[in-house]
Amino acid sequence: MTGDVFVLEIPAVPVHLGTARTFSSQVARHAGVDDGVLEDVKLAVSEACAGSVDPVAAVDRVVIRSTLGPEVVAFEIEGSGDFATDRSQDAPARLDLIRTLFPDASLDRRDDGRTTVRFSFPLGG
Amino acid sequence: MLDIVGEVDLYTAPALRDRVASLVDGGVRKLVINLQQVGFMDSSGLGVLIGALRRLKEHDGDLALVCPEGSTLKVLTVTGLDKVFRIHTDLASATAS
């Protein structure tokens, strides 16, 4: 996918989730998405980052990358979270929630333990 | 009544969970959580609400939420939790129920 690329790298600790939300919402706003989709983007990125952070110590980095194409906006969130087990007591699964908002959302795991959540949506859709 | 202001996520949810636990441990059985000034809530926050409802039910208590509109109501709706919680649009109806 070609287009303008925006990247934010943050320490993998929960205190920085708000920064990731601000970044993602500003990028989405720059792309011209409406407020409803913008809120969905904030939630999806926040969930993806929360699934990628260490709740105790900043032992890693989380990278949020957004590509604004002429017709599609795509987000990638790369970290080392274990989405299979990283969920608060009683809470809905993060990846399920992201997929509810953006049905094309996917989670890839590499052999080195890195994970990447990807989702996209059409502009004007 | 528990008024929540700001954003509820993985970072802030533990403090909310502790606050709810202290209320229940202190004898509160009917709790109204006011979400009108919550600008953002993720699944960590939802987990706290679900845990609060579970704890209160264990003590024959009850939980009501005040959440008239916005992103918080949407996340409750898309997760199906609007069918689980008693959600009110204003404080008066929540406290009267």
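Reading the values: the criteria
Residues numbered from 1 in each chain as written. Chains lettered and ligands numbered in written order. Predicted model: local features only at pLDDT ≥ 70, side-chain atom pairs only at ≥ 80, totals over all residues. Pairing = 2+ DSSP bridges. Helix = DSSP H or I, 4+ residues; strand = E, 2+ residues; numbered from the N terminus. Axes fitted to C-alpha atoms, helices over the stretch in contact; angles between N-to-C directions. Contact = placed C-beta atoms within 7 Å. Nonpolar A, V, L, I, M, F, W, Y, C, P; charged D, E, K, R; others polar. Buried ≥ 20, exposed ≤ 12 C-beta atoms within 10 Å, placed from the backbone. Arc of directions from axis to C-beta. Core = buried A, V, L, I, M, F, W, Y, C linked by C-beta atoms within 7 Å. Right-handed = clockwise from strand over helix to strand, strands pointing away.

(A) Just the pairing of strand β4 (residues 106-109) of chain A, in detail. All names here are of chain A. As judged from the 4 bridges shared by β4 and strand β5 (residues 115-122), these two strands associate in the antiparallel manner. Its bridge partner being in β5, Leu107 is matched across the sheet by Val117. Hairpin connection between β4 and β5: a loop of 5 residues separates the two successive antiparallel strands, and Gly113 in this loop has a positive phi of roughly 95 degrees.

(B) Fine view of the sheet that holds β4 of chain A. Residue and element names in this part refer to chain A. An order of β1-β2-β3-β5-β4 is seen for the 5 strands of this open sheet, with the pairing classed as antiparallel. In the strand order of this sheet, the two ends are held by β1 (4-11) and β4, each with one partner. If you compare each strand with its neighbour and ignore which way they point, the axes differ by 15 degrees on average. Strand direction decides the pairing type here: β1 and strand β2 (residues 61-68), joined by 8 bridges, are antiparallel. Directly across from Pro11, in β2, lies its bridge partner Arg61.

(C) Spatial organisation of the interface of chain A and chain B. Taken together, the contact pairs 21 residues of chain A with 19 residues of chain B. When residues of the side of chain A that touches chain B are assigned to their parent elements, the largest contribution, 6 residues, is made by helix α2 (residues 35-50) of chain A. Classifying every residue of the side of chain A that touches chain B by side-chain character gives 10 nonpolar, 5 polar and 6 charged.

(D) Representation of helix α3 (residues 71-78) of chain B within the structure. The set of residues buried in α3 of chain B consists of Thr72, Val75 and Leu76 of chain B. Looking straight down α3 of chain B, one finds that the buried residues subtend no more than 100 degrees of arc, so they occupy a single side. The elements touched by buried residues of α3 of chain B are α2 of chain A together with β2 (30-41), α2 (43-58) and β4 (86-88) of chain B.

(E) Focus on the environment of Val33 of chain A. Residue and element names in this part refer to chain A. Structurally, the position occupied by Val33 is in the loop between α1 (17-31) and α2. The spatial distance from the C-alpha of Val33 to the C-alpha of Phe121 is 9.8 Å, given a sequence separation of 88 residues. Dropping the residues within four chain positions of it, Val33 is found in contact with Ala28, Leu38, Val73 and Leu123.

(F) Inspection of the nonpolar core at higher detail. Within the largest apolar cluster, 55 residues are counted, with the highest numbers of intra-cluster contacts made by Val45, Cys49, Ile64, Ile77 and Ile98 of chain A. In terms of residue count, α2 of chain A provides more of this core than any other element does, 8 residues in total.

(G) Broad picture of the sheet that holds β2 of chain B. Residues and elements named next belong to chain B. The 4 strands lie next to each other as β1-β2-β3-β4, forming an open sheet whose pairing is parallel. Sheet topology places β1 (2-8) and β4 at the edges, where each strand pairs with a single neighbour. The mean inter-strand angle of the sheet, taken between neighbouring strand axes irrespective of direction, is 30 degrees. Relative to β2, β1 runs parallel, the two being bridged by 6 bridges. Across the sheet, the residue bridging to Glu7 is Phe40, located in β2. Seen against the sheet, α2 touches β1, β2 and β3 (62-66) and runs at an angle of roughly 175 degrees to β2.

(H) Main features of the pairing of β3 of chain B. Residue and element names in this part refer to chain B. With respect to burial, β3 is a largely interior element, 4 of its 5 residues being buried. Pairing geometry for β2 and β3, over 5 bridges, is parallel. By the bridge assignment, Leu31 is partnered in β3 with Leu63. Of the crossover connections in this fold, the one passing from β2 over α2 to the parallel β3 is right-handed. Of the pairings in the sheet, the one linking β3 to β4 comprises 3 bridges and is parallel in character. The residue of β4 that forms the bridge with Val66 is His88. Crossover handedness for the path β3 to α3 to β4: right-handed.

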